[in-house]
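Topology and contacts: notes
Here are the chains, one letter per residue:
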Amino acid sequence: MALTAFNQETDSRTGDMRKLKIIALALLLQLPIAVHVFAQTDNVTPQERLRGSVTPEREWWDLLHYNLQVEFILERRRLRGSNTITFRTLKPGNKMQIDLQPPLAITKVTHGDAELRFERDGNVYWVMFEKEVPQGVEDKIEVFYEGIPTASKNPPWEGGITWGRDDLGDPFINTTCEGIGASIWWPNKDHGADEPDRGMQISVTVPENLVAVSNGRLKKTDHDVAAKKNTYHWEVVNPINNYGVNVNIGNYINLSDKYQGKNGVLDIEYWVLPHQKEAAMKQFKEVHRMLEAFEYWFGKYPFYEDGYKLVTVSYPGMEHQSSVTYGNWFRNGYLQRDPCACGVGFKFDFIIVHESAHEWFGNNISMKDAADMWIHEGFANYAENLFVEYHFGKNDAEDYVVGTRRSIRNDRPIIGTYGTNREGSGDMYPKGGNMLHTIRQIINDDEKWRSILRGLNADFRHQTVTTEQIESYITKKAGIDLSKIFDQYLRTTKIPVLKYTVSGKTVSFVYERVVPGFAMPLRVMINGKETVITPNESKQTLDYPEEIKSFEVNRNFYIQSEKTN
Ligand SMILES: [Zn+2]
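Residues numbered from 1 in each chain as written. Predicted model: local features only at pLDDT ≥ 70, side-chain atom pairs only at ≥ 80, totals over all residues. Heavy atoms only, no water.

When its secondary structure is counted, the protein chain shows 12 helices and 29 strands. Its C-alpha radius of gyration of 25 Å places the protein chain within 12% of the 24 Å reference for a compact globule of 565 residues. Taken along its principal axes, the extent of the C-alpha atoms in the protein chain is 90 × 55 × 45 Å. By the burial criterion, 58% of the 565 residues in the protein chain qualify as buried. Of the contacts formed within the protein chain by residues at least 6 apart in sequence, a portion of 69% connects residues at least 24 apart. Per element, the accessible surface of the protein chain, about 22,700 Å² overall, is 50% carbon and sulfur. (Helix = DSSP H or I, 4+ residues; strand = E, 2+ residues; numbered from the N terminus. Rg over C-alpha atoms; globule rule 2.2 N^0.38 Å. Buried < 20%, exposed > 50% of the residue type's maximum accessible area, 1.4 Å probe, protein only. Contact = heavy atoms within 4.5 Å. Areas by Shrake-Rupley, 256 points an atom, 1.4 Å probe, with all protein chains shown as cover.)

In structure tokens form, the structure reads like this:
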């Protein structure tokens with residue numbers, strides 16, 4: 001997903017104003033400037049726990065496959081369908097948690113020839129097996145459901161169904177569900193930790209004059225002449241995260257393309273509305289540039305088997321796996337804005353670059369818990385500047401990543417509350433990107449850094465992970481203990497301040513507002529010459545061979561610096 005375009009600037013400005021006022025007041029009263037680490041565990045509801053944690057009723061079975069069949073009944077804005085859930089038991093069990101949010105309702109659950117009993121508890125159903133299912137067996141149930149699903153008020157930030165019309169008045173329908181969860185439109189195990197290992201089949205029935213586009217490859221289309229309906233059968237053969245599953249319905253046409261990539265020929269499709277064809281053929285050339293840059297930085301595109309698609313929709317965009325959705329007006333920038341306010345943002349199509357970066361970070365490597373959403377958004381934000389570096393050089397990339405700092409609020413930590421489906425601060429985007437950029441400076445070896453990014457994608461391929469796994473992987477491969485850096489930027493709202501005093505041939509410096517043990521090395525320019533210093537919480541003094549006329553911290557390190565007397 002992309003950071004909300006319009007809140008981004010206005011809120012960061014008011015945020016800065018608020019911060020300035022607090023600092024001004026603190027200075028006036030000579031108070032220490034305390035920065036809070038917010039406790040976020042208050043008022044967690046039982047429903048949030050059920051949604052956000054691996055409950056005992058989820059833990060005993062491992063997802064192998066979903067087969068979702070769903071009909072979109074346009075005139076009544078209803079859905080009707082079923083999901084066949086194939087699983088392997090990790091432990092014996094007889095009670096299964098299946099998520100489906102009202103007003104949708106499960107109508108029947110079958111297990112072979114038997115019908116299973118179920119009970120509802122808000123967004124959750126408890127499905128009871130006739131008898132205990134033993135450990136180590138493969139089994140399946142079919143969950144039937146229907147109803148009027150929640151309509152999205154602000155896609156993709158508020159999920160649900162968008163029952164819209166295109167510019168020419170034809171039906172144009174999209175699903176979005178990041179955050180709120182896929183159970184807003186289909187029944188499933190709605191938690192990031194478990195993905196169907198063998199992928200998913202998505203069969204969508206729509207009126208015969210419309211086309212339904214979903215993830216993966218279109219295997220076949222059935223035409224029911226009497227009912228005047230078409231069913232589109234799509235198939236994903238790789239594991240897929242729930243929120244990455246989507247359906248888009250409209251008067252689509254398909255433009256095909258190919259890319260000669262690191263794993264051979266990648267099949268590409270652009271599903272657009274007929275009047276968008278010309279604009280799409282021009283703007284979507286960005287896809288080749290994106291693939292070239294990201295295969296260089298991150299390794300091969302992770303889903304060659306499922307192909308790559310761009311599908312036009314009525315909202316800005318979303319990282320739906322192998323079916324990236326696009327609504328960025330066929331223009332560079334992000335909804336005609338420049339995220340860095342430095343001009344570089346207009347050199348590329350933000351949605352194609354950002355949402356496709358999620359194919360590596362988000363879809364290939366997926367978070368187990370929503371509190372670790374920065375693994376998706378921090379890296380996708382960071383990928384924007386790697387794209388810029390690949391195509392336009394380091395200086396533009398640095399302008400870009402430094403420029404995006406204007407959106408950082410430091411309101412709450414980047415990591416959210418585990419086990420609750422609560423994400424951390426929106427800072428996970430620009431601050432997450434700047435943290436990774438800062439870590440690259442610490443490692444100070446571009447080839448090693450690139451091998452770490454590629455290594456993450458190879459070693460965690462098609463897996464769900466935790467922040468700790470990412471941290472320890474980077475630390476191990478870098479050969480540098482980065483734990484305090486991750487703690488500082490992911491778990492506090494504090495930005496390190498380097499206080500320094502220049503006097504003749506000496507400079508004294510110290511870090512303030514840092515976690516205990518924080519000692520990040522910095523590249524600084526003294527009289528125009530680069531020097532590495534390693535400040536910590538104790539004041540240190542550097543003797544320089546000549547009179548110090550200028551002292552400047554390299555801008556790529558995300559810290560604040562303050563000259564004192
Ligand atoms: Zn994103």
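On we go.
This paragraph deals with the sheet that holds strand E15 (residues 248–250). The sheet built from 4 strands is open, its strands ordered E9-E10-E15-E12 with antiparallel pairing. With one partner strand each, in any of the chains shown, strand E9 (160–165) and strand E12 (211–213) form the two edges of the open sheet. Between one strand axis and the next, the sheet turns through 15° on average, direction left out of account. Judged from the 6 bridges that link them, E9 and strand E10 (residues 171–176) form a sheet pairing that is antiparallel. The residue bridging Gly164 from the neighbouring strand is Phe172, located in E10. (Pairing = 2+ DSSP bridges. Axes fitted to C-alpha atoms, helices over the stretch in contact; angles between N-to-C directions.)

What links the strands of a sheet is backbone hydrogen bonding, and the strands pair in either a parallel or an antiparallel sense. Pairing is mixed in the open sheet, where 8 strands are placed in the order E5-E4-E8-E2-E1-E11-E14-E13. In this open sheet, the two edge strands, each paired with only one partner strand, are strand E5 (114–115) and strand E13 (217–224). Pairing between strand E11 (residues 200–207) and strand E14 (residues 229–236): 8 bridges, direction antiparallel. From the neighbouring strand, Pro207 faces E14, where its bridge partner is Lys229.

Quick look at the confidence of the model for the protein chain now. Scored by pLDDT, the protein chain comes out at a mean of 94, with 93% of its residues at no less than 70. Scored below 50 in pLDDT, residues 6–39 shows 32 contacts in the model against residues more than four places distant or in partner chains. (pLDDT = per-residue confidence, 0-100.)

This part covers helix H10 (residues 446–459). Here H10 contains 14 residues, and its C-alpha end-to-end distance of 20 Å stays within 8% of the 20 Å for a straight helix at 1.5 Å per residue. Regarding H10, the residues found buried are Trp449, Arg450, Ile452, Leu453, Gly455, Leu456 and Asn457. (Expected span 1.5 Å × (residues − 1).)

Ligation of the zinc ion by protein atoms is provided by Met1 (N), Met1 (O), His354 (NE2), His358 (NE2), Glu377 (OE) and Glu377 (OE), these donors lying 1.8 to 2.8 Å from the ion. Relative to the metal, the 6 donor atoms surrounding the zinc ion lie at angles of 51 to 158°, and the coordination shape comes out irregular. Counting residues between consecutive donors of the zinc ion along the chain gives the motif M-x352-H-x3-H-x18-E. (Donors = N, O, S within 2.8 Å, 3.2 Å for Na, K, Ca; no water. Tetrahedral: all angles 85-135°; square planar, octahedral: opposite > 155°, others 65-115°.)

Turning to the layout of surface pockets, a few remarks are in order. Taken as a whole, the second largest pocket encloses approximately 630 Å³ of empty space. Forming the boundary of the second largest pocket are 31 residues, of which Met1, Trp157, Glu178, Gly179 and Glu423 lie nearest the centre. Residue assignment for the lining of the second largest pocket shows that the elements contributing at least two residues are helix H1 (5–29) and helix H2 (46–52). For the lining of the second largest pocket, the residue count by class is 8 nonpolar, 12 polar and 11 charged. (1 Å grid on protein atoms, 1.4 Å probe; cavity = no way out; pocket = protein on both sides within 12 Å on 5 of 7 lines; lining within 4 Å. Points joined across faces, edges and corners; volume = space filled by probe spheres on them. Nonpolar A, V, L, I, M, F, W, Y, C, P; charged D, E, K, R; others polar.)

The next subject is the nonpolar core. Of all hydrophobic cores here, the largest spans 156 residues; its most connected members are Phe72, Trp185 and Trp374. By residue number, the principal contributor to this core is helix H7 (residues 374–392), which donates 9 residues. (Core = buried A, V, L, I, M, F, W, Y, C linked by side-chain atoms within 4.5 Å.)

In this section: the packing of aromatic side chains. What the rule picks out here adds up to 36 aromatic pairs. With 4.4 Å between their ring centres and 35° between their planes, Tyr500 and Phe551 make a pair best called tilted. Of the two residues, Tyr500 sits in strand E23 (residues 497–503) while Phe551 sits in strand E28 (residues 551–553), which places them 51 residues apart along the sequence. Both residues of the pair, Tyr500 and Phe551, count as buried. Seen from the ring of Trp61, Lys189 lies directly overhead, with NZ or CZ sitting 4.0 Å from the centre. Against the face of Tyr296 rests Arg450, its NZ or CZ located 3.9 Å from the ring centre. (Phe/Tyr/Trp six-rings, centres within 6.5 Å; stacked < 30°, edge-to-face > 60°. Lys NZ or Arg CZ within 6 Å of the ring centre and 35° of its normal.)

This paragraph deals with empty space enclosed by the protein. Enumeration over the complete set of coordinates arrives at 4 cavities of 30 Å³ or more. As for the largest cavity, its lining consists of 22 residues, and the residues nearest its centre are Arg51, Gly192, Tyr243, Met367 and Asn421. Elements represented by at least two residues in the lining of the largest cavity include exactly H2 and strand E21 (365–367). Across the lining of the largest cavity, the residue classes break down as 6 nonpolar, 10 polar and 6 charged.

Across the 5 residues that make up strand E18 (residues 308–312), a large majority, 5, are buried. Burial of the side chains of E18 extends over both faces: Tyr308, Leu310 and Thr312 are buried on one face and Lys309 and Val311 on the other. Pairing geometry for strand E17 (residues 264–272) and E18, over 4 bridges, is parallel. Its bridge partner being in E18, Trp271 is matched across the sheet by Val311.

In this section: the environment of Pro316. Take Pro316: it is sitting in the loop between E18 and strand E19 (317–318). Along the backbone, Pro316 and Ile351 are 35 residues apart, and their C-alpha atoms lie at a distance of 7.3 Å. Sequence-distant contacts of Pro316, defined by excluding residues within four places in its chain, comprise Pro155, Pro156, Trp157, Thr325, Tyr326, Gly327, Asn328, Tyr334, Leu335 and Ile351.

Bringing the state of the cysteines into the picture now. Inspection of every chain in the model, using the stated rule, returns 1 disulfide. In this model Cys340 forms its disulfide with Cys342; the gap between the sulfur atoms is 2.1 Å. Measuring the twist about the S-S bond at about -85°, one finds the Cys340-Cys342 disulfide to be left-handed. A relative accessible area of 3% means that Cys340 is categorised as buried. (Disulfide = S-S within 2.5 Å.)

Attention now goes to the pattern of salt bridges. This model, assessed by the stated rule, comprises 29 salt bridges. Across the pair Asp222 and Lys220 runs a salt bridge whose closest N-O atoms are separated by 3.8 Å. Residue Asp222 is classed as partly exposed on the basis of its relative accessible area of 33%. A salt bridge links Asp487 to Arg491; the nearest nitrogen and oxygen atoms lie 2.8 Å apart. In this pair, Asp487 and Arg491 both sit in helix H12 (residues 483–491), 4 residues apart, roughly one turn of the helix. The network of salt bridges with shared partners includes Glu389, Lys394, Arg440 and Asp446. (Salt bridge = Lys/Arg side-chain N within 4 Å of Asp/Glu carboxyl O.)

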